[in-house]
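An overview of the molecular structure
Each chain, letter by letter, is given below.
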Amino acid sequence: TVVQYASLCYPRLDAPGPAFTPVDIGKLARLAHWLDSPKVVDLLHGQLKKKLDAMAASYQIQPPDFPDPEIYFAIFALRDAGKDIPLTDNLIMHYPDWYTALSEEDRAPHAKYSVEMFEAFMAKFEDVSSQQHTYRNDAHFRKLRDASAKLLTVTRHLLALAADGPPPAKRQKPSHGE
């Protein structure tokens, strides 16, 4: 991380600028913020913006349009460093998958954004569920089913927090023979 940081501070004129993974961007943003290096934060913000601009903005449920789960680490690190990162519908709708899959330890640094993100998710869920559709629109039905599954995941997570215990188990579907 220190070598990567130095390469951002002292670029060689004959070399292309380094490209970093979202995890690298997150680590470097934290370091640059701690070292009070706003120009490095700006460079990292530019790299993340390019990655976000290349991603699907609207809610997608088919690969390869899922956001890279590591992108959230970079987004929140840059937000901590004072950079506003506008979130697309696709990022918002896939956030519960990322957040609830983290361990409590990995979730802790990002908890301060969870309420904002879950509120944004709920608003987007309302948009998806209130859209006019016909039964012939299979894509809308799949999005609604996916969003409903995410809502159940969020609900289980919140119930576990309220009860200070593990999340409630998913219900098993009864077999047709019962």
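What you see is a predicted model; the values in this text were computed from it and never measured.

With respect to helix α4 (residues 71-80)
Where burial is concerned, most of α4 is hidden: eight out of the ten residues are buried. All of the buried residues along α4 are Ile71, Tyr72, Ala74, Ile75, Phe76, Ala77, Leu78 and Arg79. With its phi angle positive at about 95°, glycine 82 sits one or two positions after the end of α4.

Things to note about the pattern of salt bridges
For the coordinates displayed, the defined rule picks out six salt bridges. Close ionic contact of aspartate 42 with lysine 83 constitutes a salt bridge, the shortest N to O distance being 2.5 Å. Within this pair, whereas aspartate 42 is found in helix α3 (residues 38-54), its partner lysine 83 is found in the loop between α4 and α5 (89-101), the two being separated by 41 residues in sequence. Classification of lysine 83 by relative accessible area gives partly exposed; the value is 22%.

A short note on the environment of histidine 157
With respect to the element layout, histidine 157 can be found in helix α8 (residues 138-163). As a C-alpha pair, histidine 157 and proline 96 span 61 residues in sequence and 9.4 Å in three-dimensional space. Ignoring any residue separated from it by four or fewer positions in sequence, one finds histidine 157 in contact with Tyr99, Thr100, Arg107 and Phe118.

What counts and how
Residues numbered from 1 in each chain as written. Predicted model: local features only at pLDDT ≥ 70, side-chain atom pairs only at ≥ 80, totals over all residues. Heavy atoms only, no water. Buried < 20%, exposed > 50% of the residue type's maximum accessible area, 1.4 Å probe, protein only. Helix = DSSP H or I, 4+ residues; strand = E, 2+ residues; numbered from the N terminus. Salt bridge = Lys/Arg side-chain N within 4 Å of Asp/Glu carboxyl O. Contact = heavy atoms within 4.5 Å.

Interpretation note: all reported values are geometric properties and have no functional meaning in isolation.
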